[in-house]
Amino acid sequence: MTETDKKLLAEAKRVRDFAYCPYSKFAVGAAVLGASGEIYGGCNVENAAYSVTNCAERTAIYNAVSAGEEDILALAVVTESSPPATPCGACRQVVAEFRIPRILIANLAGEVKEMTLSELLPDAFSGEDTMG
Ligand code: THU
């Protein structure tokens, strides 16, 4: 694991503490590495109307996009689950949209697994499918 990977995981763990999850009580932290070298964190933000909930992965990705990052090199996700929890289907589609090649899933006990985009979402629907 590189020093940058360690920083990415540390940021995901740090922002997990900010998770707003009064309904599920399942806190998730995520962080992405932009091509600029900057790291952006995000946590899950729930809502009384459950479907409006934003997952940690999407919060982190949208945070990076909103800061002007055009390429995202890696995503880290930290939960308390063992084995480490993988991103939900909606987040996988967003990971595919931004072609994030490396996904690190980890937990508070220190277990870490690396996955690729194609492992996470094989044969992903993409913008190319809409262009005839
Ligand atoms: N959650 C995430 O933040 N990321 C995922 O990939 C799976 C689920 C959140 C959504 C909700 O706030 C809580 O975890 C329980 O589903």
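Computed from a predicted model, the values in this text were never measured in an experiment. Numbering of residues begins from 1 in every chain and follows the order in which that chain's sequence is written. With pLDDT at 70 or above as the cut-off, local features in this predicted model cover only qualifying residues; side-chain atom pairs require 80 or more to be listed or tallied, and sums for whole chains, interfaces and linings still use all residues. Only heavy atoms go into the side-chain values, all of them from the structure, while hydrogens and water stay out.

### So, the site of the ligand
Condition: Whether a residue is near a molecule or strand depends on its heavy atoms: if one lies within 4 Å, it is near. Whenever two N or O atoms come within 3.5 Å, that pair is a polar contact, provided that in protein one can donate a hydrogen and the other can accept it, and provided that, for residues adjacent in sequence, both atoms are side-chain atoms. Whether a set of points on the 1 Å grid over the protein atoms alone is a cavity depends on a 1.4 Å probe fitting there but being unable to get out, while an open set qualifies as a pocket with protein on both sides within 12 Å along at least five of seven lines; lining residues are those with an atom within 4 Å of a point. To qualify as sitting in a cavity or pocket, a molecule needs more than half of its atoms within 2 Å of the grid points.
By nearness alone, every residue bordering the ligand is listed as Ser 24, Phe 26, Val 28, Asn 44, Glu 46, Thr 53, Cys 55, Ala 56, Glu 57, Thr 86, Pro 87 and Cys 88. Separating an oxygen atom of the ligand from a side-chain N or O atom of Glu 46 is a distance of 2.5 Å. Note that an oxygen atom of the ligand is positioned 2.9 Å from one of the backbone N or O atoms of Cys 88. More than half of the atoms of the ligand fall within 2 Å of the grid points belonging to the largest pocket.

### Brief notes about the nonpolar core
Worth spelling out the cut-off: Here, nonpolar core means buried Ala, Val, Leu, Ile, Met, Phe, Trp, Tyr and Cys residues that are tied together by side-chain atoms lying within 4.5 Å of each other. Per-residue accessibility, obtained with a 1.4 Å probe over protein chains only, is compared with the maximum for each type, and a residue is labelled buried under 20%, exposed over 50%, and partly exposed between these values. Strands here mean DSSP runs of E at least two residues long; helices mean DSSP runs of H or I at least four residues long; both are numbered from the N terminus. Between two residues, a contact is recorded if the distance between any of their heavy atoms is within 4.5 Å.
Counting 20 residues, the largest nonpolar core has Val 32, Ile 61, Ile 72, Leu 75, Val 95, Ile 100 and Ile 103 as its most contacted members. Per-element accounting of this core gives the leading share, four residues, to helix 2 (residues 56–66). Here Val 32 is in contact with Leu 8, Glu 38, Ile 39, Tyr 40, Ala 60, Ile 61, Ala 64, Ile 72, Ala 74 and Leu 75, once residues within four sequence places are set aside. Within the second largest apolar cluster, 10 residues are counted, among which are Leu 8, Leu 33, Ala 74 and Ala 106.

### Regarding the layout of surface pockets
Going by this rule: Grid points are joined across faces, edges and corners, and a volume is the space filled by probe spheres set on the points. Just so you know the grouping, Ala, Val, Leu, Ile, Met, Phe, Trp, Tyr, Cys and Pro go in nonpolar, Asp, Glu, Lys and Arg go in charged, and all remaining residues, Gly too, go in polar.
One number sums up the size of the largest pocket: a volume of about 190 Å³. Lining of the largest pocket is provided by 16 residues; of these, Phe 26, Val 28, Asn 44, Cys 55 and Glu 57 occupy positions nearest its centre. Where the lining of the largest pocket is concerned, the elements lending two or more residues are helix 2 and strand 3 (72–79). For the lining of the largest pocket, a count of residues per class yields eight nonpolar, six polar and two charged.

### Some thoughts on helix 2
Within helix 2 the residues assigned to the buried category are Ala 56, Glu 57, Arg 58, Ala 60, Ile 61 and Ala 64. Residues of helix 2 that are buried make contact with strand 1 (29–34), strand 2 (39–43), strand 3 and helix 3 (89–97). Just downstream of helix 2, Gly 68 is the residue with a positive phi angle, here 100 degrees.

### With respect to the side chain of Arg 58
If you trace the backbone, Arg 58 turns up in helix 2. Among residues more than four places away in sequence, those in contact with Arg 58 are Thr 53, Ala 90, Cys 91 and Val 94.

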